Amino acid sequence: MSGERLILASKSEARRAMLEGAGVPFAVQVADVDEDAVKASHDPADAAGLAVELARVKALAVSRHDADAWVLGADQTLAFDGGLVSKAGSLEAARARLMAMRGKPHQLHSGAALARNGQIVWSGVDTATMRVRNFSDAFLEAYLKAEGEGLLACVGSYRLEGMGSQLFEAVEGDYFTVLGLPLWPVLEELRRAGVLRS
């Protein structure tokens, strides 16, 4: 690998696992940003744009403190029934959300941004459409019991890489986008930046 350093400005275990699995060398520095303030100043109807904006803010926050490194920011938003969905605050809220999404589609927007020297050099977003099946109440209760509090860390109250895959009848889009990172364009930009060999 090259001498260029990469910092991932995200606490997401799924994003870390994706980069590790792809053989990307990186360190982690969680960005200290007020996500609620960013969301409040953004058009709630533009969920894809918000994912990119959150990624950019995170990348810049870390890049300002380590100008020599390449910093990758990333975030994901969920759009459902014309509105923006946030992480559930309790298992009861997760249950209500999943019941509302039952039998309906929603969109996951995964944004990413690459910064250096306190400036954004690239950003992008990819979208996946998730088609939730008409699951039974019994399945939902078993699912909530099996997955537990871990569901509160996921914007849709599911992990596609786990039992959450049973919630869906179809997924239109890239698997990595569903997990929270548009991996293919990120890898291309990392090659361009010299972090990875071309």
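Residues numbered from 1 in each chain as written. Predicted model: local features only at pLDDT ≥ 70, side-chain atom pairs only at ≥ 80, totals over all residues. Heavy atoms only, no water.

Asker: Can you explain unusual backbone geometry? Please cite residues and give values.
Answerer: Of note in this structure, Asn117 is not a glycine but carries a positive phi near 55°. Tracing the backbone shows Asn117 in the loop between β5 (105–116) and β6 (119–132). The phi angle at Ser157 is positive, at roughly 60°, despite the residue not being glycine. By secondary structure assignment, the location of Ser157 is in the loop between α5 (137–147) and β7 (168–172). (Helix = DSSP H or I, 4+ residues; strand = E, 2+ residues; numbered from the N terminus.)

Asker: I'd like a rundown of the side chain of Lys58, residues and numbers included.
Answerer: Residue position: Lys58 is located in helix α3 (residues 47–63). Here Lys58 falls in the buried class, since its relative accessible area comes to 9%. Within the structure, Lys58 has its side chain in polar contact with the side chain of Asp75 (distance 2.7 Å). (Buried < 20%, exposed > 50% of the residue type's maximum accessible area, 1.4 Å probe, protein only. Polar contact = N/O pair within 3.5 Å; in protein donor to acceptor, adjacent residues only side chain to side chain.)

Asker: Outline the layout of surface pockets, supporting the account with residue identities and numerical values.
Answerer: Its volume calculated, the largest pocket comes out at about 900 Å³. Lining the largest pocket we find 35 residues, and of these Ser12, Arg15, Lys87, Ala153 and Cys154 sit closest to its centre. Looking at the lining of the largest pocket, the elements that each hand over two or more residues are α1 (13–21), α2 (35–40), α3, β3 (70–80), β4 (83–85) and α6 (175–179). Residues that form the lining of the largest pocket fall into these classes: 17 nonpolar, seven polar and eleven charged. (1 Å grid on protein atoms, 1.4 Å probe; cavity = no way out; pocket = protein on both sides within 12 Å on 5 of 7 lines; lining within 4 Å. Points joined across faces, edges and corners; volume = space filled by probe spheres on them. Nonpolar A, V, L, I, M, F, W, Y, C, P; charged D, E, K, R; others polar.)

Asker: Tell me about the packing of aromatic side chains, residues and numbers included.
Answerer: Using the criterion set out here, one finds five aromatic pairs in the structure. For the ring pair Phe135 and Phe139, a centre distance of 6.1 Å and an interplane angle of 55° mean the geometry is tilted. With relative accessibility at 2%, the residue Phe135 sits in the buried group. Seen in terms of ring centroids, Phe176 and Trp184 are 5.3 Å apart; in terms of plane orientation they differ by 85°. Their pairing is edge-to-face. Residue Phe176 is classed as partly exposed on the basis of its relative accessible area, which comes to 21%. Three or more aromatic residues link up through ring pairs in this structure, and these residues are Phe135, Phe139 and Tyr143. (Phe/Tyr/Trp six-rings, centres within 6.5 Å; stacked < 30°, edge-to-face > 60°.)

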